[in-house]
Amino acid sequence: MKVAILGAGGGGLAAAADWSLAGHEVRIFDFKEFSENIAAINAQGGITAEGDLNGFAPVRYAGHSIETAVSDVDVILAVGPAYSTAAFAHAVKEHIDPKQYYVVCPGSCGGALITKKIFSENVNAQHVCISETSTLPYAARLTSPNAVKVFLRLKGGLLLATIPGSRADQSLEIFRQVYSHAEKAANVLQTMLQNANPVIHPVVTLMNAALIERTGGQFLFYEEGVTPAVGNLIKAVDEERIAIGAKLGVTILPDPEMGCLQGYMTEANYKTGYAHAPGFKGIMAQSKLDYRYFNEDVGYGLVFMADLGKQAGVDTPMIDAVINLASAAMEKDYRALAARTLDKIGYSIEEILHETFDSD
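Please read all numbers here as calculations on a predicted model, not as lab measurements.

Peer 1: Describe the side chain of D30, with residues and values.
Peer 2: Considering the arrangement of structural elements, one finds D30 in the loop between β2 (25-29) and α2 (35-44). Summary of buried charges: D30 has no salt-bridge partner, and the nearest side chain of opposite charge, K32, is 12 Å away. Once you skip the residues sitting within four places of it in the chain, D30 turns out to touch G7, A8, G9, I38, G63, H64 and F88.

Pasting the structure below:
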């Protein structure tokens with residue numbers, strides 16, 4: 001197959017390497033802000049992967065032309081943080097073909113719904129099959145602009161939801177050509193809530209804020225940053241996420257249980273599971289607080305979950321506390337910024353609950 005990867009960060013290069021090493025033709029697009037990555041990939045003709053993915057992965061095209069990247073490909077994967085979702089959708093909407101499959105990887109709390117709204121603005125994009133994953137299939141970090149270290153390639157626990165729902169089996173069949181362990185989710189509510197990054201990252205960052213600022217992140221984020229007390233706070237936040245899912249009719253697994261399914265963790269508990277997790281081994285903390293663990297996971301994740309909980313009638317005092325503390329620490333009112341809310345994605349909770357997405 002021909003595959004376009006939108007995004008040249010750690011996740012994007014991991015996905016590009018994975019599809020290339022599986023024998024597919026890969027093209028990479030990113031915006032000009034990431035010209036260093038694109039130039040480095042072109043200089044060596046591909047990506048060097050190490051870790052759970054290993055080898056040199058040839059890339060057919062890497063550049064800033066979205067038209068060249070997506071022309072005649074079978075599937076397009078938008079791989080990036082939550083704040084890239086709308087930008088990628090706007091970039092591709094005039095060039096995408098209705099026969100192509102588009103996957104937001106990961107959905108990051110409403111990614112497929114935002115993409116659907118944007119695609120509705122263009123006649124060619126209106127009937128594209130849009131999917132989203134519950135999480136990125138990798139724990140990965142760039143080691144250079146054209147090289148990626150994959151700490152873990154998920155072994156399970158990867159959910160895929162599709163709009164329209166009637167095309168879920170088709171989308172899953174294509175996705176499984178590389179991710180054979182992927183499973184069909186009940187709906188986009190399940191994929192958006194099963195992503196636990198907004199639960200874990202902000203809590204660990206808050207509880208280690210002084211250490212991050214003092215050392216520039218020179219410590220192991222999970223192995224040293226998640227003590228039993230930190231695990232207790234993750235649990236308290238996670239229980240509210242699970243409660244929101246239950247109220248909306250979808251089963252959300254506790255994160256340590258999901259972590260064991262994915263291969264990150266071997267202990268399904270909050271107190272010691274993260275610190276002893278083989279999939280998190282060696283991952284360093286971020287160098288500063290002004291990082292996606294607050295800006296994405298609070299601004300787009302926890303704010304969305306709190307809004308969803310409010311609309312569903314589920315109290316979220318722990319989620320609210322983390323939002324408030326992160327906002328105070330960063331002198332940035334994440335709730336007021338409302339980067340991702342139900343209103344922002346253009347859907348009410350009733351529309352999400354009752355929209356079947358069964359027709360093109």
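Peer 1: Hey, could you go over the pattern of salt bridges for me, with residue numbers and the actual values?
Peer 2: Applying the stated criterion across every chain yields a total of ten salt bridges. In this structure, the salt-bridge partner of R27 is E25, at a minimum N-O distance of 3.2 Å. Residues K155 and D52 are paired through a salt bridge, measuring 3.8 Å at the closest nitrogen-oxygen approach. Of this pair, K155 sits in the loop between β10 (147-153) and β11 (159-163) while D52 sits in the loop between β3 (46-51) and β4 (55-58), and the two are 103 residues apart along the sequence. Residue class for K155 comes out exposed when judged on its relative accessible area of 55%. Residues joined by salt bridges that share partners form a network here, namely E25, R27 and R60.

Peer 1: How would you sum up helix α4 (residues 85-92)? Please name residues and give values.
Peer 2: Within the span of α4, buried status applies to T85, F88, A89 and V92. Summarising the axial view, the buried residues of α4 lie within an arc of 100°, below the 170-degree limit, and thus occupy one face. Packed against the buried residues of α4 are β1 (2-6), β2, α3 (66-70), β6 (75-79), β7 (101-105) and α5 (111-119).

Peer 1: Explain the pairing of β10 to me, and be specific about the residues and the numbers.
Peer 2: In terms of residue burial, β10 counts as a mostly covered element, since six of its seven residues are buried. Across four bridges, β3 lies against β10 in parallel orientation. Bridged to T48 within β10 is A147. Two elements, strand β9 (residues 138-144) and β10, share six bridges in a ladder whose sense is antiparallel. What sits directly across from A140, in β10, is V150. Here β9 folds back onto β10 in antiparallel fashion, the turn holding two residues.

Cut-offs and rules
- Residues numbered from 1 in each chain as written.
- Predicted model: local features only at pLDDT ≥ 70, side-chain atom pairs only at ≥ 80, totals over all residues.
- Heavy atoms only, no water.
- Helix = DSSP H or I, 4+ residues; strand = E, 2+ residues; numbered from the N terminus.
- Buried < 20%, exposed > 50% of the residue type's maximum accessible area, 1.4 Å probe, protein only.
- Lys, Arg positive; Asp, Glu negative; His and termini not counted.
- Salt bridge = Lys/Arg side-chain N within 4 Å of Asp/Glu carboxyl O.
- Contact = heavy atoms within 4.5 Å.
- Arc of directions from axis to C-beta.
- Pairing = 2+ DSSP bridges.

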